[in-house]
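Reading the structure
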Amino acid sequence: MSNDPGKPMSKTTIYDVKVMFGDCDPAGIVFFPNFSKWMDASSLDFFVQCGILPWRELRKTTGIIGTPLLEIHTKFMRPATYGDLIHVHTSVETWNAKTFVQKHIVKKGDEILCEGRETRAFCIHPEGGRLQAIPVPDFIKDKCC
Ligand SMILES: CC(C)(COP(=O)(O)OP(=O)(O)OC[C@H]1O[C@@H](n2cnc3c(N)ncnc32)[C@H](O)[C@@H]1OP(=O)(O)O)[C@@H](O)C(=O)NCCC(=O)NCCSC(=O)c1ccc(O)cc1
């Protein structure tokens, strides 16, 4: 963990994806929503690799239902096609009071295909109530850093 600007404030995990024919458009280029899908999968995988229980288990003890997305920004640099093996490098760039920014760098070998930032919040959803953001729990930060 580091407080230096640009350095991740957490561990970095890697989520591997083998691109399939069905992930691509008729020109054989990966259709962009699939990158969001893989970043979302890598977001949860990050917490699981850091030792946090999957949301369905965490909900039983803490009420946390997951980390809904509040904002997303992705910059696309290079295309991918079917047969490619790509890797999503995920870390937390910033921890705020009730939100955090997760950074996903999608690579093929050493080449960066795209880079995404997602603002998310740990949320509870009490029965009969509405979805609510909670302060990022210390035990989660501790396991991720
Ligand atoms: C997340 C919310 C419940 C938060 O509402 P509240 O509990 O009333 O909190 P507040 O409005 O006080 O905001 C809390 C913090 O969020 C911040 N916030 C709120 N909205 C935003 C946006 N859009 N961008 C950035 N930051 C935001 C706000 O500034 C506060 O930050 P701090 O300064 O760090 O405290 C509400 O904004 C909401 O319901 N948003 C819609 C969420 C949504 O529907 N997302 C898309 C679908 S869900 C999804 O994709 C998903 C993915 C993974 C999962 O595990 C679960 C679900």
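Bear in mind that the values here come from a model prediction, so they are computed numbers and not experimental data. (Residues numbered from 1 in each chain as written. Predicted model: local features only at pLDDT ≥ 70, side-chain atom pairs only at ≥ 80, totals over all residues. Heavy atoms only, no water.)

1. A short note on the overall build of the protein chain
Applicable threshold: Here a strand is any run of E in DSSP of at least two residues, a helix any run of H or I of at least four, and the numbering for each starts at the N terminus. Any pair of residues with heavy atoms lying within 4.5 Å of one another is described as a contacting pair. The accessible surface values rely on the Shrake-Rupley method and a 1.4 Å probe; as for residues, cover is taken only from the protein chains in view.
Looking only at helices and strands, the protein chain has 3 helices and 8 strands in total. Element order for the protein chain, N to C, with α for helix and β for strand: β-α-α-β-β-β-β-β-β-β-α. The long-range share in the protein chain, meaning contacts at least 24 apart out of those at least 6 apart in sequence, stands at 64%. Put simply, the protein chain shows about 8,300 Å² of open surface, and 55% of that area lies on carbon and sulfur atoms.

2. With respect to the sheet that holds strand S7 (residues 123-124)
What counts, and what does not: Only strands joined by at least two bridges in the DSSP assignment are considered to pair. Axis definition: a line fitted to C-alpha atoms, limited for helices to the stretch in contact. Angles are taken between N-to-C directions and run from 0 to 180 degrees.
Within the open sheet, the 3 strands sit side by side as S2-S7-S8. Their pairing is antiparallel. The open sheet terminates on both sides in strands that have one partner only, identified here as strand S2 (64-66) and strand S8 (132-133). Taken strand by strand, helix H2 (residues 55-62) contacts S2 and S7, and its axis lies near 160 degrees from that of S2.

3. So, the pairing of strand S6 (residues 111-120)
Heads up, the rule is: Summary of the burial criterion: residues with accessible area below 20% of their type's maximum are buried, those above 50% are exposed, and those between are partly exposed, where the area comes from a 1.4 Å probe applied to protein chains only.
Of all 10 residues in S6, 7 are buried, a share of seventy percent or more. One ladder, built from 7 bridges, connects strand S3 (residues 69-76) with S6; its direction is antiparallel. The residue bridging His-73 from the neighbouring strand is Arg-117, located in S6. Relative to S6, strand S5 (residues 100-108) runs antiparallel, the two sharing 9 bridges. Following the sheet pairing, Gln-102 is matched in S6 by Glu-118.

4. Concerning the environment of Thr-12
Inspection of the secondary structure puts Thr-12 in the segment before strand S1 (13-18). In this structure, the C-alpha to C-alpha distance between Thr-12 and Cys-123, residues 111 residues apart in sequence, is 23 Å. Setting aside anything within four residues of it in sequence, one finds Thr-12 in contact with His-89, Thr-90 and Ser-91.

5. What about the packing of aromatic side chains?
Basically, it comes down to this: A pair of aromatic rings is counted whenever rings of Phe, Tyr or Trp (Trp by its six-membered ring) have centres within 6.5 Å, and the orientation is called stacked for planes under 30 degrees apart, edge-to-face for over 60 and tilted otherwise.
Inspection of every chain in the model, using the stated rule, returns 11 aromatic pairs. Note on Phe-21 and Tyr-82: the rings are 5.2 Å apart at their centroids and 75 degrees apart in plane angle, and the pair reads as edge-to-face. In this pair, Phe-21 is assigned in the loop between S1 and helix H1 (33-49) and Tyr-82 in the loop between S3 and strand S4 (85-95), connecting sequence segments 61 residues apart. Its relative accessible area of 63% is what places Phe-21 among the exposed residues. Given a relative accessible area of 43%, Tyr-82 falls into the partly exposed group. One aromatic cluster in this structure is built from Phe-46, Phe-47, Trp-55, Trp-95, Phe-100 and Phe-122.

6. Overview of H1
Which entries qualify depends on this criterion: To estimate how far a helix should reach, multiply one less than its number of residues by 1.5 Å.
Taking 1.5 Å of rise per residue, the 17 residues of H1 would be expected to cover 24 Å, and the 24 Å separating its terminal C-alpha atoms lies within 8% of that figure. Gly-51 sits one or two residues past H1 and shows a positive phi near 100 degrees.

Read these as geometric descriptors, not functional statements.
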